[in-house]
Amino acid sequence: MTTSTAPAAITAVPPIARRARRRGAALGLLAWFTGIVFVLPVLWMVLTSFHSESDAATNPPSVAASLTLDGYREFFGAGGGASPWPPLLNSLGASVFSTVFVLVLALPAAYALSIRRVRKWTDVMFFFLSTKMLPVVAGLLPVFLFAKDTGFLDNIWLLVILYTSMNLPIAVWMMQSFLADIPVSVIEAAQMDGARLPTVLVRVIAPIAGPGIAATSLICFIFSWNEMLFAQVLTGVVAQTAPAFLTTFVTSQGLFLAQVCAASVVISLPVLAAGFAAQDKLVQGLSLGAVK
């Protein structure tokens, strides 16, 4: 009796372990369900972009309809429409330049708020956060009047300045949390060797906070690339960005759903490519400071 019951007692799974397994399985199913819910509209957009306009406009939608590249041909101007390359290059230039300016300004500010903290640094952080509480549309008219009086309408550098000012508070908040985890002893050792503040920022802090800087730059790039309200109002033809160009496919005449989906796929590719290329740095940067 003792010999036969011993293996059963050894191999029996404790109730706590069974509950942990069931909880893990339930969380796994929930994660898969949430992922499918989020990715399904994107997959539907991609599928619709390969349909003809008549098939894309059917109700209910035709999933098994024949595939075509007409939507992409129309987007790239095969049907005599405007070329998408100037808006794409404008979005790329505004996003890249504004992201660079944000990093140049946010790194010293985060240094002053995390490592060499200024007086009442918490009030400064709250001020940065409070600038994001103003609705964007509330500042649209003053910015438009300023751009009109100064001749900056339809100018890509106006968007660069606006995107820099809009993303700077978020960048400072993110960089402050990243730099707060850097050991002060490393900075003090560099200063004892004669390194000045610019050298410390570039050669000591920047390499250590590389994942955080990558995560911040990627988020600022995405926000700048996707911004449409200011680009729609303040630009026309010369400085038109990709999101503003996308709205030109929505007309009151004819069908446009397949073209809009094709344009959305193409415009989303740079952001997806940047996120895929920097996904390891993004995960490391967003997880900095999570474990103390």
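The rules we used
Residues numbered from 1 in each chain as written. Predicted model: local features only at pLDDT ≥ 70, side-chain atom pairs only at ≥ 80, totals over all residues. Heavy atoms only, no water. Patch = residues over 30% accessible without salt bridge, like charges linked within 9 Å, V, L, I, M, F, W, Y side chains within 5 Å. Areas by Shrake-Rupley, 256 points an atom, 1.4 Å probe, with all protein chains shown as cover. Salt bridge = Lys/Arg side-chain N within 4 Å of Asp/Glu carboxyl O. Lys, Arg positive; Asp, Glu negative; His and termini not counted. Charge placed at Lys NZ, Arg CZ, Asp CG, Glu CD. Helix = DSSP H or I, 4+ residues; strand = E, 2+ residues; numbered from the N terminus. Axes fitted to C-alpha atoms, helices over the stretch in contact; angles between N-to-C directions. Parallel < 35°, antiparallel > 145°, perpendicular 65-115°, else oblique. Contact = heavy atoms within 4.5 Å. Nonpolar A, V, L, I, M, F, W, Y, C, P; charged D, E, K, R; others polar. Buried < 20%, exposed > 50% of the residue type's maximum accessible area, 1.4 Å probe, protein only. Left-handed = near helix turned anticlockwise from the far one by under 90°.

Tell me about a positive patch on the surface, and name the residues and values.
A surface patch of positive charge is lined by R18, R19, R22 and R23. Here R18 lies in helix α2 (residues 15-49).

Requested: an account of the packing of helix α5 (residues 85-114) against helix α10 (residues 197-208), with residues and values cited.
It is the contact of α5 with α10, at a shortest axis distance of 11 Å, that shows an interaxial angle of 100 degrees. It follows from the interaxial angle that α5 and α10 lie roughly perpendicular. Together, L107, P108 and Y111 of α5 and L197, L201 and I205 of α10 make up the contact between the two elements. Its residues assigned to classes, the contact of α5 with α10 shows 6 nonpolar, no polar and no charged.

Could you give me a rundown of the side chain of T241, with the residues and numbers involved?
Looking at the element boundaries, T241 is found in the loop between α12 (229-234) and α13 (242-246). Note on T241: relative accessible area 2%, which makes it buried. Beyond its immediate chain neighbours, meaning those up to four positions away, T241 contacts P87, N90, S91, L159, E227 and A231.

Go over the pattern of salt bridges, please, and point to the residues and values.
The tally for this structure, following the rule as stated, stands at 1 salt bridge. Across the pair R73 and D70 runs a salt bridge, and its minimum N-O distance is 2.8 Å. A residue pair is termed a helical-turn pair when its members lie 3 or 4 positions apart in one helix, as R73 and D70 do in helix α4 (residues 70-75) at 3 residues. Take R73: its relative accessible area is 44%, and that puts it in the partly exposed class. The partly exposed category is assigned to D70, whose relative accessible area is 39%.

Describe the packing of helix α9 (residues 184-192) against α10, listing the residues and the values that go with them.
Across the interface, α9 lies against α10 with an axial gap of 11 Å and an inter-helix angle of 155 degrees. Judged on the interaxial angle alone, α10 and α9 are roughly antiparallel. Crossing of α9 over α10 shows right-handed handedness. Between α9 and α10, the residues in contact are V186, I187, A190 and Q191 and V200, V204, I205 and I208, respectively. Here the residues of the contact of α9 with α10 sort into 7 nonpolar, 1 polar and no charged.

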